[in-house]
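Next come the chains, spelled out residue by residue.
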Amino acid sequence: MIPTYNQSEYIEKSVRSAVGQTYSNLEIVISDDSDNNDTFLALKELLKLPHITYQRNIPGLGRVANYRHTLVNRATGIWVLNLDGDDFLVNPNFIECCIDYINEQEKDFALLFGKELVFNEVDGSFENRPAGLAQTQVLDGTDLFFNKRDKKINFYHLSTLYNRKKAIKSGFYLDDC
């Protein structure tokens, strides 16, 4: 899912990073809340690819409502990842690795998350923004959500693959916070 708002200067890189994923069963849904046609124009050639859908919200929905609308009404996959229009995936194997891990385990996962790199526009460097876990861990969902601040666990939607139905049921993106 790539909800976006006036991010035409970054959107092509975001979409190309999704197109470049090695996972083959991929749907890319762009939900444009922009107040102009710049995003559409920036993506005109990429929108010809068969696994990309583009919708423009008129009137705009707002940031979190656009996330929710895309999750509930536009995405159709079992697993989803939400990139903002100025985010991009650096590891082309990220989704495939997550899906492989899910398929290898005998657990009922709700989400998987990894590290996030933050781009510094001033010097062009990347800074690691870790999830706050010292090692790979499988956590109970209740423990994760209700104790994440105490355990200093952070996860960001751009580096989190989550089960779409569970996300909808639990109320993902209902609150604008």
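Residues numbered from 1 in each chain as written. Predicted model: local features only at pLDDT ≥ 70, side-chain atom pairs only at ≥ 80, totals over all residues. Heavy atoms only, no water.

**Q** Describe the pattern of salt bridges, and please don't skip the residues or the numbers.
**A** In the structure shown here, the tally under the stated rule is three salt bridges. The partner of R16 in a salt bridge is E12, and the shortest N-O contact between them spans 2.8 Å. With R16 and E12 both in helix α1 (residues 8-19) and four residues apart, this pair spans about one turn of that helix. Note on E12: relative accessible area 33%, which makes it partly exposed. Two residues, D108 and K166, come together in a salt bridge whose shortest N-O distance is 2.6 Å. Remark: K166 occurs in helix α6 (residues 164-170) and D108 occurs in the loop between α4 (94-104) and β5 (111-113); sequence separation between them is 58 residues. D108 gets classed as exposed once you look at its relative accessible area, which sits at 65%. K166 gets classed as partly exposed once you look at its relative accessible area, which sits at 29%. (Salt bridge = Lys/Arg side-chain N within 4 Å of Asp/Glu carboxyl O. Helix = DSSP H or I, 4+ residues; strand = E, 2+ residues; numbered from the N terminus. Buried < 20%, exposed > 50% of the residue type's maximum accessible area, 1.4 Å probe, protein only.)

**Q** Could you give an account of the sheet that holds strand β1 (residues 2-4), with specific residues and numbers?
**A** Sheet strands associate in pairs through backbone hydrogen bonding, adopting either a parallel or an antiparallel arrangement. Within the open sheet, the three strands sit side by side as β1-β2-β3. Their pairing is parallel. The sheet is open, and its two edges are formed by β1 and β3 (52-56), each paired on a single side. Geometrically, the sheet is characterised by an average inter-axis angle of 15 degrees between neighbouring strands, direction not taken into account. Across three bridges, β1 lies against strand β2 (residues 28-32) in parallel orientation. Paired with T4 across the strands is D32, a residue of β2. This element, α1, spans β1, β2 and β3 of the sheet and lies at about 175 degrees to β1. The strands that helix α3 (residues 63-74) touches are β1, β2 and β3; relative to β2, the one it contacts most, it runs at about 140 degrees. (Pairing = 2+ DSSP bridges. Axes fitted to C-alpha atoms, helices over the stretch in contact; angles between N-to-C directions. Contact = heavy atoms within 4.5 Å.)

**Q** Quick rundown of α3? Include the residues and the values.
**A** Here α3 contains twelve residues, and its C-alpha end-to-end distance of 15 Å stays within 8% of the 16 Å for a straight helix at 1.5 Å per residue. Residues of α3 that are buried include every one of V64, N66, Y67, R68, T70, L71 and R74, and no others. The inward-facing, buried residues of α3 abut β1, β2, β3, β4 (79-81), β8 (160-163) and α6. (Expected span 1.5 Å × (residues − 1).)

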